[in-house]
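Listed here are the chains, written in short residue letters.
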Amino acid sequence: MAARRAAGDAKHAIPEQRLDDERIIVLALADSVLLTPRFLQSVFGLKRAIRSTLRARFAKSVLDRRPALIVLLYHAVDPSPPQYLRDLGVVTHPHAFEDHLLWAKSCFELVSLSEGIRRLRSGTLTKTCLALTFDDGLKSVADHALPVLIRHGIPAALFVNHASLTGQRCWIYDVAQLESEGRKEALEEVFGTSCPGLFSSYLRHQAPADVLARRSGLTDLSSSLNGNRVEYINHEELAQLLESPLMELGNHSLDHPRFSRLDANEQCRQINGNAEALAGFAGYQRFFALPFGRPADWNMDTVQACAAARHEFVSACGGVNFARTASIDIRRVPCDGVGGGQLMDHITRRGIGI
Ligand SMILES: [Zn+2]
């Protein structure tokens with residue numbers, strides 16, 4: 001009996017070599033299916049997608065129950081921007097931008113900034129509205145974003161510096177370009193300082209008070225830049241854009257300084273001087289968008305200068321503006337570089353903090 005079973009077992013036994021081969025095949029399959037970076041990535045990607053969808057749905061239900069004014073902030077909208085603009089994180093692809101618009105239009109009422117603020121301040125904001133804004137008056141916006149807005153009948157506000165209208169330049173873009181072209185030493189010479197990381201980042205976050213005083217040195221340096229320079233909307237182009245009733249114009253200071261580093265008088269001069277220069281354009285609204293826009297970029301002198309000039313104070317530190325609990329500043333959500341399908345998730349995280 002035992003001998004017969006042994007014979008049967010031997011008959012059905014898997015040869016040692018074949019066992020090894022199958023084990024190798026199974027292990028190889030498991031490795032290729034389960035453990036490849038691509039598979040793991042798709043598992044984590046799926047988890048992320050589910051989490052962000054649930055978060056976005058929750059945020060939408062919050063905004064449906066509790067009316068708010070959502071204000072989005074963009075800078076450049078460009079299909080092929082220079083690398084230094086990507087590094088600064090201030091560009092959105094036109095396709096992603098159009099996706100943002102279509103999504104926003106399907107979820108909220110799109111209003112002009114003035115209408116949104118009017119409803120917010122007068123207590124008549126009965127449902128969540130969304131307004132669009134663009135800072136720095138960049139030409140790519142006129143080329144790639146405004147035609148889309150006009151095609152869809154969507155209003156927007158442009159926040160402009162008088163300096164850029166008159167052929168001067170926003171120093172931060174030139175600094176970023178000079179840095180990307182390997183001119184860091186020359187920049188350090190102009191600004192009389194050195195930093196271990198990105199010079200443009202250092203200047204943005206810890207801008208010394210005399211950055212603007214050194215502008216002539218920067219202008220000399222910038223004049224040697226080769227192509228790829230940021231272009232601004234000029235005086236005539238702005239006047240033409242503002243012929244559309246969909247477009248509004250706001251104040252972004254004379255030449256984009258960091259307000260928290262200025263004394264009270266200079267802050268007033270920056271706001272009042274730019275207001276005077278822009279007031280002649282159709283669609284000018286008494287809104288002041290703080291340059292750089294973060295909490296560390298303003299102080300109480302800024303608030304007082306705005307109030308004295310009778311301008312609404314607009315920041316860029318994230319957050320949405322809930323009816324009845326609106327703060328002193330109109331908060332905006334920076335949306336540069338956000339992917340086409342990610343806007344709600346982005347607003348949820350940067351605007352509502354969920
Ligand atoms: Zn700006």
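Model, not experiment: these values are computed from the prediction.

Analysis parameters
Residues numbered from 1 in each chain as written. Predicted model: local features only at pLDDT ≥ 70, side-chain atom pairs only at ≥ 80, totals over all residues. Helix = DSSP H or I, 4+ residues; strand = E, 2+ residues; numbered from the N terminus. Core = buried A, V, L, I, M, F, W, Y, C linked by C-beta atoms within 7 Å. Buried ≥ 20, exposed ≤ 12 C-beta atoms within 10 Å, placed from the backbone. Domains from an automatic or database assignment. Contact = placed C-beta atoms within 7 Å. Arc of directions from axis to C-beta. Axes fitted to C-alpha atoms, helices over the stretch in contact; angles between N-to-C directions. Parallel < 35°, antiparallel > 145°, perpendicular 65-115°, else oblique. Left-handed = near helix turned anticlockwise from the far one by under 90°. Nonpolar A, V, L, I, M, F, W, Y, C, P; charged D, E, K, R; others polar. pLDDT = per-residue confidence, 0-100.

1. Topic: unusual backbone geometry
1) Next: We note that Ser253 has phi near 85 degrees; this positive angle belongs to a residue other than glycine.
2) Next: Mapped onto the fold, Ser253 is located in the loop between strand 7 (247–251) and helix 14 (264–278).
3) Next: Backbone geometry places Arg310, a non-glycine residue, at a positive phi of 55 degrees.
4) Next: Summarising the element assignment, Arg310 is placed in the loop between helix 15 (300–308) and strand 9 (312–314).

2. Section: the nonpolar core
1) Next: Core analysis: the biggest nonpolar cluster contains 88 residues, and Leu69, Ile70, Val71 and Leu72 have the highest contact counts within it.
2) Next: With seven residues, the single largest contributor to this core is strand 1 (residues 68–74).
3) Next: Two domains each put at least three residues into this core: domain 1 (15–65) and domain 2 (70–170 + 230–352).
4) Next: Residues in contact with Val71, not counting those within four places in the same chain, are Leu113, Gly116, Ala131, Thr133, Ile330, Arg331, Arg332 and Val333.

3. Looking at helix 6 (residues 113–122)
1) Next: Those residues of helix 6 not exposed but buried are Leu113, Gly116, Ile117 and Leu120. Projected down its long axis, helix 6 shows its buried positions confined to an angular sector of 95 degrees, all on one face.
2) Next: Gly123 lies just past helix 6 and shows a positive phi near 75 degrees.

4. Considerations on the packing of helix 5 (residues 94–107) against helix 7 (residues 139–152)
1) Next: Relative orientation of the contacting elements helix 5 and helix 7 amounts to 30 degrees, with a least axis distance of 10 Å. In this view, helix 5 runs roughly parallel relative to helix 7, as classed from their interaxial angle. Helix-helix and strand crossings are classified by hand; for helix 5 and helix 7 the assignment is right-handed. In this structure, helix 5 uses Pro94, Phe97, Glu98, Leu101 and Lys105 to contact helix 7, whose residues at the interface are His144, Ala145, Val148 and His152.
2) Next: Here the contact of helix 5 with helix 7 is built from residues that sort into five nonpolar, two polar and two charged.

5. Concerning the confidence of the model for the chain
Interpreting fine coordinate detail is not advised for predicted regions of low pLDDT.
1) Next: This prediction gives the chain a mean pLDDT of 84; 83% of its residues lie at or above 70.
2) Next: Note that pLDDT drops below 50 for residues 1–17; the model gives that stretch one contact with residues more than four away or on any other chain.

6. Some points on the packing of helix 14 against helix 15
1) Next: For the pair helix 14 and helix 15, interaxial distance at closest approach is 9 Å and the crossing angle is 40 degrees. What the angle tells us is that helix 14 and helix 15 run oblique. Seen from above, helix 14 lies across helix 15 with right-handed handedness. Together, Ala264, Gln267, Cys268 and Ile271 of helix 14 and Asp301, Thr302, Ala305, Cys306 and Ala308 of helix 15 make up the contact between the two elements.
2) Next: Tallied by class, the residues present in the contact of helix 14 with helix 15 amount to six nonpolar, two polar and one charged.

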